[in-house]
Amino acid sequence: MTFPPSRTIHFLCAYFVFTCIFGQEAVSSVSASPPSSPCALVAANNGSLLYVAEQAAKRISVLSIPERKVIQQIEMPAPPTGLAFSPNESTLYVTCAAPEGTLVLVSTETCKIIKEVKAGFGACSPVVRSDGSRIYICNQYENSISVIDATRNKEIACVPVGREPISAVLSLNDAFLFIANQLPMGPSDRDVVATTIQVLSTGGLQIVDEIELPNGSMALKDLSISPDGKYIFATHILARFHMPTTQLERGWMNTNALSILDASERKLINTVLLDNVDRGAANPWGVTCTSDGKFACVTHAGTHELSLINIPGLLEKLEAVPRYRAASSGNTYTYSSPTTSIEDVPNDLTFLVDLRRRIQLPGNGPRAVVVIGNAAYVANYFSSDINVVPLSMDSRVQVETIQLQEETECNRIQEGEKLFHDATLCFQGWQSCSSCHPNARADALNWDLLNDGMGNPKNTKSLLLSHQTPPAMSLGVRADAETAVRAGIKHILFTVRPEEDAIAMDEYLKSLKPAPSPYLKKGKLQSSAKRGRKIFFSEEAGCASCHSGPYYTNLQTYDVGTKGHLDRKEIFDTPMLIELWRSGPYLHDGRAKTLRDVLTTCNTDDKHGKTSHLTESEIAELEDFLLSL
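An account of the accompanying structure is given in this report. Nothing here was measured: the structure is a model prediction, and the numbers come from that model.

About the thresholds
Residues numbered from 1 in each chain as written. Predicted model: local features only at pLDDT ≥ 70, side-chain atom pairs only at ≥ 80, totals over all residues. Heavy atoms only, no water. Helix = DSSP H or I, 4+ residues; strand = E, 2+ residues; numbered from the N terminus. Rg over C-alpha atoms; globule rule 2.2 N^0.38 Å. Buried < 20%, exposed > 50% of the residue type's maximum accessible area, 1.4 Å probe, protein only. Contact = heavy atoms within 4.5 Å. Areas by Shrake-Rupley, 256 points an atom, 1.4 Å probe, with all protein chains shown as cover. Lys, Arg positive; Asp, Glu negative; His and termini not counted. Charge placed at Lys NZ, Arg CZ, Asp CG, Glu CD. Phe/Tyr/Trp six-rings, centres within 6.5 Å; stacked < 30°, edge-to-face > 60°. Lys NZ or Arg CZ within 6 Å of the ring centre and 35° of its normal. Pairing = 2+ DSSP bridges. Axes fitted to C-alpha atoms, helices over the stretch in contact; angles between N-to-C directions. Salt bridge = Lys/Arg side-chain N within 4 Å of Asp/Glu carboxyl O. Core = buried A, V, L, I, M, F, W, Y, C linked by side-chain atoms within 4.5 Å. Polar contact = N/O pair within 3.5 Å; in protein donor to acceptor, adjacent residues only side chain to side chain.

Here we look at the overall build of the protein chain
Alright, step 1. Counting its regular elements, the protein chain contains eight helices and 32 strands.
Alright, step 2. For a compact globule of 629 residues, the expected C-alpha radius of gyration is about 25 Å, and the protein chain comes in at 24 Å, within 12% of that figure.
Alright, step 3. Overall, the protein chain is about 70 × 65 × 50 Å in size when its C-alpha atoms are taken along their principal axes.
Alright, step 4. Taken across its 629 residues, the protein chain has 59% of its residues classed as buried.
Alright, step 5. Put simply, of all contacts in the protein chain between residues at least 6 apart along the chain, 55% involve residues at least 24 apart.
Alright, step 6. For the protein chain, the accessible area works out to roughly 25,300 Å², and carbon and sulfur atoms hold 50% of it.
Alright, step 7. Averaging the locations of the 57 positively and 69 negatively charged side chains of the protein chain gives two centres separated by 3 Å.

Here it is, written out as structure tokens:
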């Protein structure tokens, strides 16, 4: 779904100032505290300083590279998500992703907050024009791009984009902004389901291109442009969602990918797999290029690695691949030469052999990465540290670790979150729980899980409140979420783990809190949604007869006329309705792109609520209410 340009979120954040004197006695250690969750990095002062956004700690740490320690900390009004500098580095721009998203301006001279500018829900990935005149911000949960006038410190435009924009880069001439949408839009019961990279004209402030990624592309995390401006690199998962989930070997369910785009022609060149034949490289996240264009550095958040990829060699090899498969080659691959044409490349687990070095990191959950000099600096989300990785193909080089705070033991919820994102638990490291449940929500794909037989794929469900609303799965085949968690470990990760791991994951999932809907205004229903609420609870519509209670479900199963041509049963679990605004597509098979489709075209014989008598405006009001939950 795409939110309208006129945003419903109002700026509520208070103005915070953390007074700190830059250059005072260095902070060499920090008192024991929960993981700080470093998630974004930016280097300054010719690489002598590294600014680290620590999401859970709600602060920016300033790291001295020569001294290898934190010398300053700047408290933020909300969890920081992204960092960027003004061209002269006098101002640090920090996106903070509270529901009332903000762009926080910090003086690098005084380390004081000097201004807060309203942005959108889930603000992240600030990008600054080369002349410093504008800042572009991805509003992840509002599906929009905020355009900030840097001279007036004011939003001048808000452009609707795809689903969950999470990263962006400018072309070298600042003419185009390339936007990474994390998840696919549209129904999930189609043959082709994939997310896209959109191209925004910075002059006209409108989307002028949409670059399609290969079928199954999702969990798109980061973009990086080559120093010469010719290429853009994108990290994402390449899901094989058409396959029944019977095995993991050779990336049967999920492979992990790097897509290469031609920046000038604004088109996809090809997609290469980051996995090996017998070893997955789960959850690729951050990507950056070295200043000489020699290497691309890719973090693997699931397997705790850094890939160092030879860019010239990769481009040369892609250029040499035949455009079409020779007639004599047929459609079969051989292990020695699986690629016979460009269409084979996204399936070739050997393509990066001799072009890439996989470096195991001592940290946990590597995400952001920057290059300073001859080393890559990697932020580890779960271990609250920075790994320093020499840029060399020599396997003998050592990885250094810089602690951001004293190491502490995780509580059970924090341990469960780590395990949920950890692909080293999985057979051969192909995926983690978060591969199909980003942020413990849904990936917008249909999967043919074997818990209800084979050949009847179902849409991935959000895990929010899953423990509070049994049974689990669309058909209710698992009595509760606890049972489903243990089945997932065994049948999706294909592993055996101690019961303590499952208990920790249970605690993490039970701790999840619903995010307030971006359709709310100052936390309250708008007038149209209030009218929709009356319709929802009316006896005439009958919605509340099944969607009742605090989670809008009576925990029962019904035949609501939504059986599809692949389904063997017609009775489905009544889903809870909290966070409907972020859980599409809808219905058990994802056939409904929008809630309007659920209420109209997918509501045969009024079995799914009596809506056929409602006017267009009443349908819109009911939809507004549901999207506000």
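So much for the structure itself; the text now carries on.
What about the packing of aromatic side chains?
Alright, step 1. Under the defined criterion, the tally for this structure stands at twelve aromatic pairs.
Alright, step 2. With a centroid separation of 5.0 Å and 75° between ring planes, the pair formed by Phe-536 and Phe-537 is classed as edge-to-face.
Alright, step 3. Ring-pair connections join several aromatic residues into one group, and the members of that group are Phe-536, Phe-537, Tyr-552 and Phe-625.
Alright, step 4. The cationic tip of Arg-266 hangs over the ring face of Phe-176; the distance from NZ or CZ to the ring centre is 4.3 Å.
Alright, step 5. One Lys or Arg, Arg-367, reaches over the ring of Trp-285 and ends 4.2 Å from the middle of that ring.

Overview of the sheet that holds strand E23 (residues 305–310)
Strand pairs in the sheet, formed through backbone hydrogen bonds, run parallel or antiparallel to each other.
Alright, step 1. Taken together, the four strands give an open sheet; going across it, the order is E21-E22-E23-E24, and neighbouring strands pair in antiparallel fashion. Of all the strands in the sheet, the pair left with one neighbour each is strand E21 (284–289) and strand E24 (356–360). Pairwise comparison of adjacent strand axes, ignoring direction, gives a mean angle of 20° for this sheet.
Alright, step 2. Bridge count between E23 and E24: five bridges; the pairing is antiparallel. Residue pairing for E24: Ser-307 is matched across the bridge by Arg-358.
Alright, step 3. The strands touched by helix H1 (residues 311–320) within the sheet are E21, strand E22 (295–300) and E23, with E23 carrying the most contacts at an inclination of about 60°.

Considerations on the pattern of salt bridges
Side chains that differ in sign of charge can pair as their charged atoms come close.
Alright, step 1. Summed over the entire model, instances satisfying the criterion amount to 27 salt bridges.
Alright, step 2. When the shortest N-O distance is used, the salt bridge between Asp-559 and Lys-607 registers 3.7 Å. Taken together, the residues span a long stretch of sequence, with Asp-559 in strand E31 (residues 557–559) and Lys-607 in the loop between helix H7 (595–599) and helix H8 (616–627) at a distance of 48 residues.
Alright, step 3. Judged by its relative accessible area of 38%, Asp-559 falls in the partly exposed class.
Alright, step 4. For Lys-607, a relative accessible area of 41% corresponds to the partly exposed category.
Alright, step 5. For the salt bridge of Glu-570 with Lys-563, the shortest nitrogen-to-oxygen distance reads 3.9 Å.

Re the nonpolar core
Alright, step 1. Counting 64 residues, the largest nonpolar core has Leu-509, Phe-536 and Leu-626 as the members making the most contacts within it.
Alright, step 2. Excluding its chain neighbours within four sequence positions, the residues that come into contact with Leu-626 are Phe-536, Leu-577, Leu-580, Leu-595 and Leu-599.

Comments concerning helix H2 (residues 412–420)
Alright, step 1. Looking at H2, one finds that the buried residues are Gln-414, Gly-416, Lys-418, Leu-419 and Phe-420.
Alright, step 2. Residues of H2 that are buried in the fold lie against helix H3 (433–436) and helix H5 (499–511).
Alright, step 3. The residue sitting at the N-terminus of H2 and contributing the capping side-chain oxygen is Asn-411; that oxygen lies 3.1 Å from the backbone nitrogen of Ile-413.

Shape descriptors only; they carry no functional weight alone.
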